[in-house]
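Letter by letter, the chains look like this.
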Amino acid sequence: MATCFKNMYCNYSTTPLALKNGRPKFSWVIESDKRRSKQTAFQLIVSSSPDLMEENRGDMWDTQKVESGGNYCYYEGKELESFQRYYWKVRVWDEDGNASEWSNASCFETGPLEKKDWKAQWIAKKDLKTFESGGDYDTESYKQYYASFFRKSFELQNGAKSARAYISGLGFYELYLNGKKIGNNVLDPGQTEYSKEALYSAYDITDYLSLKNCVGVILGNGRYIERYGYSKPRLILQILVEYEDGNKEFVFTDNSWKSSHGPIQENGIYYGEKYDARLEMPGWNTYHFDDTNWEETEIVSGPDLRYQDMPPIRVTRVLKPQKMYSIEPGVYIYDFGQNFTGWVRIAVKGPGGTEVRIRHSELVNKDGTLNTATIRKAEATDTYILKGEGLEAYEPRFTYHGFRYIEVAGFPTVPTIESVEGCFVHTDVEKAGDFYCSNELINRIHNNILWGQLSNLHSIPTDCPQRDERFGWMGDAQLSAEEAIYNFDMNLFYENYLQEIKLSQKEDGSIPDVVPAYIKIYPADPAWGSAYITLAWYLYEYYKNEQVLKDHFDSMKKYVEFLKNNSEDNLIKKLGKFGDWCPPGAISPKKTPVEVTSSWYYYNDVYLFSRICEVLGKEDEARYYSELSEKIKNSFNKHFLKKYGYETRMFGPVDRLISQTSQILPLYYEMVPGDKKEFVLERLIDNIVEHQDSHVDTGIVGTRYLFDVLSENDHADLAFKIITQESYPSWGYMIKEGATTVWERWEKLEAGGMNSQNHIMLGSVDTWFYKYLVGLSLTKPGWEEVKVKPHLIGDVSFASGKVKTVKGEFLVSWEKAETAFKLSIFIPFGCEANIFIPRLWKEYVLNESGTLLIDNGKKQDNFQESKIKFEGIEEDSIILNAGSGQYYFELKSK
Ligand code: BGC
């Protein structure tokens, strides 16, 4: 059997060093170029030693042969022990009943599975210097702390075999062993509701150990400060050393650790960082350092710990400035040519005490100076004070900025363009999608969205990365989620976020607009709160993550019930406040009544929840919520469907302009009564074409669904026209006006207020490139079945898209010439595709890999052999069905 195991995952990671709980999920991806090949059964074994594994003995678990096409299973073996390493492998049977070889063995470690496994205690520096930093969002200023440094020396016996470090440090930590930084995580741990839990990371530190050791940690503020309801920074760390003879030894935080201040003084997310290199303590994190001047630490309380299994934040790319100029003597502006998140590294030589100041901005004024209006109260300034010892390098640790430009002042000499480089910093999610087409504007839009999306992944999905917010506004998160999923592996990231949503839930079932609730705005606007149900559903749809549905079932139900308790007449009239946010020319929704968006999201949530009940086999609840969704739909139509279309706020007696969004939403879910559908669609098209000259008049909500609605209703060409506009309001307009990411507003604005240059909510358009232009969309959960339906529109002569999924990588690419159309498709093992080949010519032949399949509408006899099923010919498409494998179709005009 031509199969091989391409990837093996435990809890969606390759070889995790810890688990969130004792019931990991195993999954595997099989590579096969065989047509219509699939798994029909599997056997998975888990062993407690490599030797047992070698002998194929699953002493911990042996599933035996399980009849199933699913490339995953949840552990149900003997109870796993903490701090152990286990081994696993799998084999599968194919469609002919042939068994594969066993996969290579993979492994995972359990880490501390229970609270009692933590011998370490939370510790903090006793006396911390404080400073008053500039404010944020709704506060003028607040107290923050100087960074604290911790150290502990320890000795080991001969024969240490391996060592692990389990650590959390709030707000942010940096870990060192014997003078070397451990891991490449930055701004770790991910942000959480710290009163309830903190995330810990696990590192393999075996190669860093010697007999005499020193572990050092620096703590920065992050959001763990009074302003957000917390306190001073604190640390918990546990090192486990294992000896050749099986003995184990722990090193852990307690009040024998020493602490101090050091060169990092002021630090804060919005504030920036101040580093005085003259205060460095050479060797502070090494064994022989004299720490007699360091203080005792104190034991403090701290939250429960959960393993951080989503990818960490890292520096993923280094950018060179494109341009540099001076605005006044000693003050230099660098332009990176790209708006992004992170910080700059500088290399500088000069006298000790020289203070170099770096300010950040998204825009510059006409005179070339920084325009910091869009970052509002965020000070976003990094300061480095030289020690005066040759070439010095600096980059901050406990802050990040959203910027394109920097201003460097106080440099001891004239800096060069090489004196600074930019570090792109964000949660390092794996790239899943790839898209490219012949239309350069579309490629630019796609590229801007990728920069914007990554900039807004900072352990939580943020609204923006630059100004005094950077919060987990849930509307922004849910509206951009499908786009993010096409482009990146988001499963663990959103799984983590769902946990935070759950923790933020109040007794009455309500959840806030911002999660974690650093600012407490309860209850959420239904379009924002919908993130709970919508994200959970996407994780099931796109990653077949059933566990997430189970884990959140009760809380999601509580949320849906909260909505129900706040409904009148099956509509939500009171909870909405933002609605179709940021339409052209406004911040608040102009023409779309908030009750329409709120009630529609009520329908969305109840409908999706009924499907969740169905997936989980909860039949009574599924029926109940499905009936409730019908009632909401009927009420929605009864109240909002008017003579002119769906409810619109009219401005004065002569206003006839209807809301695009009010029409889009019910069309998206086929809520419109059958006999009214054409009418509503016509009203929408008429509005777009006749009244807006083929432009959007939608805010973030309407924009998210507009292109699906148009394309599903035979108006993909109009979708294309709107998307490729270069006049206001459009993405092309933003680009023409210099955007390198996606703006918060459709308008070009350079003042403060609601005017971020890097918001991701309008980036939702990106899914259209994959789903409709390339034509790859999922039709069964977990990508088991897809639809391939390229849309040949406008001047696009080729388009290609790849998506790495839980089943493997799909590829669809097409090319159109005068008399030929080529479509190549790769379908992973175990998947099926329904393929719609456009009938471009009246008289044509269709070949696949050189085999004639159809000649002028006549099906040939070669189908069986090619393993492609002929499903029919419609007016505009030839419909085929294919299983796994590589296919090259060619349609030629005769
Ligand atoms: C954020 C938005 C967010 C909104 C709520 C803003 O300040 O930046 O993206 O969703 O508030 O209306």
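Our structure is the block above this text.
Structural notes, computed from the coordinates. The shown structure was predicted, so the numbers you read here are calculated from the model rather than taken from an experiment.

Examining the overall build of the chain
A count of helical and extended segments in the chain gives 16 helices and 49 strands. A globule of 894 residues ought to have a C-alpha radius of gyration of about 29 Å, and the chain, at 29 Å, matches this closely. The principal-axis extents of the C-alpha atoms in the chain amount to approximately 90 × 75 × 55 Å. Residues classed as buried in the chain amount to 62% of the 894 residues present. Taking all contacts inside the chain whose residues are at least 6 apart in sequence as the whole, residues at least 24 apart take part in 74%. Summing over all exposed atoms, the chain offers an accessible surface of approximately 32600 Å²; the carbon and sulfur share of this is 45%. Placing the 104 positive and 130 negative side-chain charges of the chain at their respective mean positions leaves the two points 1 Å apart.

Description of unusual backbone geometry
Geometrically, the link from Val515 to Pro516 is a cis peptide bond, its omega value of -10° lying close to zero. Position of Pro516 among the secondary structure elements: in the loop between helix H4 (491-504) and helix H5 (526-529). Here the residue pair Tyr522 and Pro523 is connected by a cis peptide bond, since its omega of -20° sits within 30 degrees of zero. Mapped onto the fold, Pro523 is located in the loop between H4 and H5. One non-glycine residue, Asn570, lies in positive phi territory at about 65°.

Things to note about the packing of helix H3 (residues 474-487) against helix H15 (residues 766-774)
Taken N-terminus to C-terminus, the directions of H3 and H15 make an angle of 60°; their axes are 8 Å apart at the nearest point. One finds that H3 runs oblique with respect to H15. Helix-helix and strand crossings are classified by hand; for H3 and H15 the assignment is left-handed. Here Glu482, Glu483, Tyr486 and Asn487 of H3 come into contact with H15, specifically with Asp766, Thr767, Tyr770 and Lys771. Residue composition of the contact of H3 with H15, grouped by class: 2 nonpolar, 2 polar and 4 charged.

What to know about the layout of surface pockets
Gaps between atoms show up when a probe of the same size as a water molecule is rolled over them. The computed volume of the second largest pocket comes to approximately 900 Å³. Lining the second largest pocket are 34 residues, with Glu541, Arg611, Tyr668, Tyr669 and Lys771 positioned closest to its centre. Looking at the lining of the second largest pocket, the elements that each hand over two or more residues are H3, helix H6 (531-543), helix H8 (594-615), helix H10 (660-668), helix H12 (700-712), H15 and strand E38 (776-780). Here the lining of the second largest pocket is composed, by residue class, of 16 nonpolar, 6 polar and 12 charged.

Notes on the environment of Leu718
With respect to the helices and strands, Leu718 occurs in helix H13 (residues 716-723). If we ignore the near neighbours within four places in the chain, the residues touching Leu718 are Ile685, Ile688, Val689, Ser694 and Leu710.

Considerations on the sheet that holds strand E46 (residues 858-859)
The pairing of strands in a sheet comes from backbone hydrogen bonds and takes either a parallel or an antiparallel form. Reading across the sheet, the 8 strands line up as E35-E40-E41-E42-E49-E44-E45-E46 and stay open at both edges, with antiparallel pairing between neighbours. Two strands bound the open sheet, and with one partner strand each, they are strand E35 (433-437) and E46.

Regarding the nonpolar core
By size, the foremost hydrophobic cluster in this structure holds 228 residues, and its most contacted members are Met490, Phe707, Trp768, Ile835, Ile837 and Phe889. The residues touching Met490, leaving out its near neighbours within four places in the chain, are Val429, Leu457, Ala484, Ile485 and Tyr543. Counting residues in hydrophobic clusters, the runner-up holds 24 residues, among them Ile182, Ile205, Leu209 and Val215.

Considering the sheet that holds strand E48 (residues 877-882)
Spatially, 5 strands are ordered E38-E39-E43-E48-E47 in an open sheet, and the strand pairing comes out mixed. Every other strand in the sheet has two partners, leaving E38 and strand E47 (868-873) as the edge strands with one partner each. Taking each pair of neighbouring strands and ignoring which way they run, the sheet shows an average axis angle of 20°. With 4 bridges joining them, strand E39 (residues 785-788) and strand E43 (residues 832-838) adopt parallel strand pairing. When the sheet's bridge partners are listed, Val786 is paired in E43 with Ala833.

A closer look at the site of the ligand
The local shell around the ligand consists of Asp463, Arg467, Glu469, Trp473, Asp476, Trp528, Phe578, Trp581, Glu744, Met754, His759 and Met761. Here Arg467 contributes a side-chain N or O atom positioned 2.7 Å from an oxygen atom of the ligand. One of the side-chain nitrogen or oxygen atoms of Trp581 is found 3.4 Å away from an oxygen atom of the ligand. Within the complex, the protein chains bury 98% of what would otherwise be the 310 Å² of accessible surface of the ligand. Partitioned by chemical class, the residues of the shell around the ligand number 6 nonpolar, 1 polar and 5 charged.

Conventions and cut-offs
Residues numbered from 1 in each chain as written. Predicted model: local features only at pLDDT ≥ 70, side-chain atom pairs only at ≥ 80, totals over all residues. Heavy atoms only, no water. Helix = DSSP H or I, 4+ residues; strand = E, 2+ residues; numbered from the N terminus. Rg over C-alpha atoms; globule rule 2.2 N^0.38 Å. Buried < 20%, exposed > 50% of the residue type's maximum accessible area, 1.4 Å probe, protein only. Contact = heavy atoms within 4.5 Å. Areas by Shrake-Rupley, 256 points an atom, 1.4 Å probe, with all protein chains shown as cover. Lys, Arg positive; Asp, Glu negative; His and termini not counted. Charge placed at Lys NZ, Arg CZ, Asp CG, Glu CD. Axes fitted to C-alpha atoms, helices over the stretch in contact; angles between N-to-C directions. Parallel < 35°, antiparallel > 145°, perpendicular 65-115°, else oblique. Left-handed = near helix turned anticlockwise from the far one by under 90°. Nonpolar A, V, L, I, M, F, W, Y, C, P; charged D, E, K, R; others polar. 1 Å grid on protein atoms, 1.4 Å probe; cavity = no way out; pocket = protein on both sides within 12 Å on 5 of 7 lines; lining within 4 Å. Points joined across faces, edges and corners; volume = space filled by probe spheres on them. Pairing = 2+ DSSP bridges. Core = buried A, V, L, I, M, F, W, Y, C linked by side-chain atoms within 4.5 Å. Near = heavy atom within 4 Å. Polar contact = N/O pair within 3.5 Å; in protein donor to acceptor, adjacent residues only side chain to side chain.

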